[in-house]
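Residue-level structural notes
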Amino acid sequence: MGRTAGRSPEDTRRLVLDAAAEVIRAHGVAASLDVVARRAGVSKGGLLYHFPSKDALVVALAEEMNEAFRAAVRAHLDPDDAGPGRLTRAFVRASLAEAAEDHEARERIALTAHLITVPAVARLAQEDTAWWERELAADGLPVEVQAVVVAAADGVSGAPLWGATPDRERLDLLRTRLLAMIDEAVGARG
């Protein structure tokens, strides 16, 4: 058992989430909380203090993944860009940056595949998809351009699952072309 003296509740929570991600990637959502607690170096009671059930832990992992992607998109927003397509450009940049991280992308996809089998996570995913659809629809692009650009970014971000991560040069080319499609659509409207 790991040493807990001096560890903050936030540190313990982080250890549990990281351990759960590792265990679920390796063994699926059927893995026991005992295994997760051992992996995190905490007691099962300590785990349950932070996450009162396995569903709560699994949902917290999914929420964290959703928020991590939203934060990545926010980090890719250009502060000098206030025009139509601003969010979609950031979405493309964030998606392709994640696709470039081959190993991490495969781990994220594997974890997602396990998590999505939990009904509460499936509902959360539907809510997140609806949120993105609303946000991107309000971004000022023609619907058909936005749909193609987002589908391409989503598609390439899933490529690592199949070991098909494009090399940097291809990712740069795709990013450039998708961003150009957005700019062309904005220019055509103006």
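Below is a summary of the structure that appears in this document.

Calculation rules
Residues numbered from 1 in each chain as written. Predicted model: local features only at pLDDT ≥ 70, side-chain atom pairs only at ≥ 80, totals over all residues. Heavy atoms only, no water. Helix = DSSP H or I, 4+ residues; strand = E, 2+ residues; numbered from the N terminus. Polar contact = N/O pair within 3.5 Å; in protein donor to acceptor, adjacent residues only side chain to side chain. Contact = heavy atoms within 4.5 Å. Phe/Tyr/Trp six-rings, centres within 6.5 Å; stacked < 30°, edge-to-face > 60°. Buried < 20%, exposed > 50% of the residue type's maximum accessible area, 1.4 Å probe, protein only.

Points about the side chain of Arg-175
Tracing the backbone shows Arg-175 in helix H9 (residues 168-189). At a separation of 2.7 Å, a polar atom in the side chain of Arg-175 contacts the side chain of Asp-172. If sequence neighbours within four positions are ignored, Arg-175 has contacts with Val-92, Arg-93 and Leu-96.

Re the packing of aromatic side chains
This model, assessed by the stated rule, comprises four aromatic pairs. For the ring pair Phe-69 and Phe-91, a centre distance of 5.3 Å and an interplane angle of 85° mean the geometry is edge-to-face. With Phe-69 in helix H4 (residues 54-75) and Phe-91 in helix H5 (residues 86-100), this pair connects stretches of sequence that are 22 residues apart. Residue classification places Phe-69 among the buried residues on the basis of a relative accessible area of 16%. Look at Phe-91 and Trp-132: their rings are 5.3 Å apart centre to centre, the planes differ by 70°, and that puts the pair in the edge-to-face class. With a gap of 41 residues between them, Phe-91 in helix H5 and Trp-132 in helix H7 (residues 119-137) connect regions that are remote in the sequence. Note on accessibility: Phe-91 and Trp-132 belong to one class, buried. Put simply, the rings of Phe-69, Phe-91, Trp-131 and Trp-132 pair up and form one aromatic cluster.

In short, the description is geometric, and any link to function would need to be established separately.
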